[in-house]
Amino acid sequence: MSKKTNKDEILSIQAAPLTVTGRSQKLASALSSYARALTFENRSRRNLYRLAGLSPRTRDRVFSYLIMLLIGLTFVLPMAGSICYYTFMASPGYASEVRFIVRSSTPFLSRDRYSSDTIEPKEKIVQDTAILLNYLESPAIIQDMQRQVDLQNLYGRSDIDFFSRLRVDATQEEMLEYWKRHASVSVNTKSGIVELEVTAYTPNEASEMVKLVLHLAEAQVNKLSSGMWDDLRSATQEDVERATKEVADLRGKIQETQNQTGVFDIDLSAKRIEDVLTTIEASIADLKSRRLALSKSVGKNAPQMTDLDRRIAAQEEQARQLRAQSAGQTTEGDGNLAQYSAMFDKLKLDLSMAEGRLKSAITDLEKVKLVSSLQLVYVDNFTEPTVPDTNKYPRVALSLFLTLLACLAVCGAACGAVILTRQKLD
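Criteria and thresholds
Residues numbered from 1 in each chain as written. Predicted model: local features only at pLDDT ≥ 70, side-chain atom pairs only at ≥ 80, totals over all residues. Heavy atoms only, no water. Helix = DSSP H or I, 4+ residues; strand = E, 2+ residues; numbered from the N terminus. Buried < 20%, exposed > 50% of the residue type's maximum accessible area, 1.4 Å probe, protein only. Contact = heavy atoms within 4.5 Å. Pairing = 2+ DSSP bridges. Axes fitted to C-alpha atoms, helices over the stretch in contact; angles between N-to-C directions. Core = buried A, V, L, I, M, F, W, Y, C linked by side-chain atoms within 4.5 Å. Polar contact = N/O pair within 3.5 Å; in protein donor to acceptor, adjacent residues only side chain to side chain. Salt bridge = Lys/Arg side-chain N within 4 Å of Asp/Glu carboxyl O. Expected span 1.5 Å × (residues − 1). Phe/Tyr/Trp six-rings, centres within 6.5 Å; stacked < 30°, edge-to-face > 60°. Patch = residues over 30% accessible without salt bridge, like charges linked within 9 Å, V, L, I, M, F, W, Y side chains within 5 Å. Areas by Shrake-Rupley, 256 points an atom, 1.4 Å probe, with all protein chains shown as cover.

Colleague: Any chance you could explain the overall build of the protein chain here in plain terms?
Modeller: Along the protein chain, the regular secondary structure elements total 14 helices and four strands. Counting the 426 residues in the protein chain, one finds 32% classified as buried. Within the protein chain, counting contacts between residues at least 6 apart in sequence, those at least 24 apart form 75% of the total.

Right under this line is the structure:
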């Protein structure tokens, strides 16, 4: 309305023949109204210049070209490149997956005669699972895989697109980062089920890589216990050798004691002495009865009586010595059977205890040998590694959609910055 009013006033000034004074007043009033309308309508100098017919066209063209350039660089070219890459160039990635749990053989060994009745605690299984998960994302698995397969040929061959292949001069850290992008592992904290997924560029390679990773992980977990079992086997072997020497020493001491005392077996010696003593006592009784009968027919000093007395005295002395050998004190100061019995009982007790320790040490050694020769931890996969029929990567629709969002965000931010700058310059 203001522009139309101003134009009408100017036309009326030009149409109506007024005096010079009136014409000047009309023209001043129209210019004042026009300037006031421009001020309140748009305070931008660029719009003021345009309304006044004095717009700076060169600067507007520069900003317009800059915006078009930014749109091309941040939206058109990235989207066109993404469409060409994901549609025609991207190498298909095939993902093979497997599910497994870490199990211990200890519950099965507990049924064996060489194993104890204890069962491995759940904390040990949890720890082994955590070790396995850490191993699958550590540089150690890269080194172990390189001993089995050529990773450069597997992931860096020329038929894989440039953006997906492994660099020829990739360092150890770069290979680890590349592996982390092509392998994922997750675990269910409640059930302990581990899900492993490995991506390769053919279905068979993906399945074979999963099998290789399972084998390496199982070997790594079991290798942790090998040093402990080696030390334990050495310690038990030393116990067996020490117990064997102790038993041999005690047996040698018993033999030496037998040689010194002349007693092989206490029971046999006691029975022998008892039998001899019984015979002697019977002979003494017979001699006494004969002496008694002879004393009635001959005198006390008769030669027959003297001979019988001498024989009875000899027999009684022999009986006394036999009784001293059993439990008394011998005239020669040697030990008796009671002393020998206490000595042999102590030696036999020490020998029995030493033999018990030897038996226990041998049992422990056999147990350690058995357990250390077996595999203690198993990576038990209850699903077979899959051979994928279709590629899982790239996801063309999703990738293009995410690229579109990213390009729109970058393009919007760049163009917004240019527009804001232009407004600040106005």
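The rest of the description comes next.
Colleague: Where do I start with the sheet that holds strand 1 (residues 94-104) in this structure?
Modeller: Strand pairing in a sheet is mediated by backbone hydrogen bonds. Such pairs are either parallel or antiparallel. Spatially, 2-3-1-4 is the arrangement adopted by the four strands of the open sheet, whose pairing is antiparallel. In this open sheet, the two edge strands, each paired with only one partner strand, are strand 2 (183-187) and strand 4 (377-381). Ignoring which end each strand starts from, the neighbouring axes of this sheet average 25 degrees apart. In terms of strand pairing, strand 2 meets strand 3 (residues 194-200) through five bridges, oriented antiparallel. Each residue of the ladder has a partner; that of Ser184, found in strand 3, is Glu197.

Colleague: What should I look at first to understand the nonpolar core in this one?
Modeller: As a rule of thumb, nonpolar side chains are buried together in soluble globular proteins. Counting residues in each nonpolar core, the largest one holds 37 residues, and the members touching the most others are Leu132, Met145, Tyr155, Trp179 and Met209. Among the secondary structure elements, those contributing two or more residues to this core are strand 1, helix 6 (122-136), helix 7 (139-148), helix 8 (151-155), helix 9 (172-182), strand 3, helix 10 (203-261) and strand 4. When sequence neighbours within four positions are dropped, the list of residues in contact with Leu132 reads Phe100, Val102, Ala217, Val221 and Val379. Counting 12 residues, the second-largest nonpolar core is a separate cluster that includes Val240, Val247, Phe344 and Leu347.

Colleague: Honestly, unusual backbone geometry in this entry has me stumped. Any pointers?
Modeller: Most peptide bonds adopt trans geometry, and most residues besides glycine take a negative phi value. Omega for the bond connecting Tyr393 with Pro394 falls within 30 degrees of zero, at -5 degrees, which places this linkage in the cis form. On the secondary structure map, Pro394 appears in the loop between strand 4 and helix 14 (396-425).

Colleague: What's the story with the side chain of Thr236 in this structure? I'm lost.
Modeller: Within the secondary structure, Thr236 is located in helix 10. A distance of 2.9 Å separates the side chain of Thr236 from the backbone oxygen of Arg233, its partner in a polar contact. Filtering out sequence-adjacent residues up to four positions away, Thr236 remains in contact with Asp364, Leu365 and Val368.

Colleague: Is there a simple way to think about the side chain of Thr403 in this case?
Modeller: Here Thr403 shows up in helix 14. Polar side-chain contacts of Thr403 include one of 2.7 Å to the backbone oxygen of Ser399. Every residue in contact with Thr403, bar those within four places of it in the chain, is listed here: Met79, Ser82 and Tyr86.

Colleague: Is there a simple way to explain the pairing of strand 1 in this structure?
Modeller: When a strand is regular, its side chains alternate between the sheet's two faces. Pairing analysis gives seven bridges linking strand 1 to strand 3, with the strands arranged antiparallel. Residue pairing across strands places Phe100 opposite Val194, the latter belonging to strand 3. Bridge count for strand 1 against strand 4 is five bridges, and the pairing is antiparallel. Looking across to strand 4, one finds that Val102 is bridged to Val379.

Colleague: Explain the pattern of salt bridges to me, please; I cannot follow it from the model alone.
Modeller: Between side chains of opposite charge, pairing is possible as soon as their charged atoms come close. Counted by the stated rule, this structure contains 14 salt bridges. In this structure, Arg103 and Asp380 form a salt bridge, with 3.0 Å as the shortest nitrogen-oxygen distance. Taken together, the residues span a long stretch of sequence, with Arg103 in strand 1 and Asp380 in strand 4 at a distance of 277 residues. Asp249 is paired through a salt bridge with Lys245; the nearest N and O atoms lie 3.1 Å apart. Taken together, the residues span about one helical turn, with Asp249 and Lys245 both in helix 10 at a distance of four residues. Judged by its relative accessible area of 44%, Asp249 is partly exposed. Take Lys245: its relative accessible area is 53%, and that puts it in the exposed class. Residues joined by salt bridges that share partners form a network here, namely Glu97, Arg99 and Glu195.

Colleague: Quick question: what am I supposed to make of helix 14 here?
Modeller: An α-helical turn contains 3.6 residues, so a residue and the one three or four places further along point in the same direction. Taking 1.5 Å of rise per residue, 30 residues should cover 44 Å, and helix 14 covers 43 Å from first to last C-alpha, within 8% of that figure. Looking only at helix 14, the buried set comprises Ser399, Leu400, Thr403, Cys407, Cys411, Ala414, Cys415, Val418 and Arg422.

Colleague: Would you take a moment to explain the packing of aromatic side chains for this structure?
Modeller: Each aromatic ring pair is described using two quantities: the centre-to-centre distance and the angle formed by the ring planes. What the rule picks out here adds up to five aromatic pairs. Ring centres 5.4 Å apart and planes at 90 degrees place the aromatic pair Tyr85 and Phe163 in the edge-to-face group. Of this pair, Tyr85 sits in helix 4 (residues 57-89) while Phe163 is found in the loop between helix 8 and helix 9, placing the two residues 78 residues apart along the sequence. A relative accessible area of 61% means that Phe163 is categorised as exposed.

Colleague: Where do I start with a nonpolar patch on the surface in this structure?
Modeller: A cluster of nonpolar side chains, namely Leu66, Leu69, Leu73 and Leu77, defines an oily patch on the protein surface of about 370 Å² accessible area. Locating Leu77 in the fold gives a position in helix 4. Judged by relative accessible area, Leu77 falls into the exposed class, the value being 55%.

Colleague: How should I be thinking about the environment of Asp161 in this particular structure?
Modeller: With respect to the secondary-structure elements, Asp161 resides in the loop between helix 8 and helix 9. Look at Asp161 and you get buried, because its relative accessible area is 7%. Residues Asp161 and Ala90, spaced 71 residues apart in sequence, show a C-alpha to C-alpha distance of 6.0 Å. In this view, Asp161 contacts Tyr85, Met89, Ala90 and Ser91; residues no more than four positions away in its chain are not counted. Side-chain polar atoms of Asp161 contact the side chain of Tyr85, separated by 2.9 Å.

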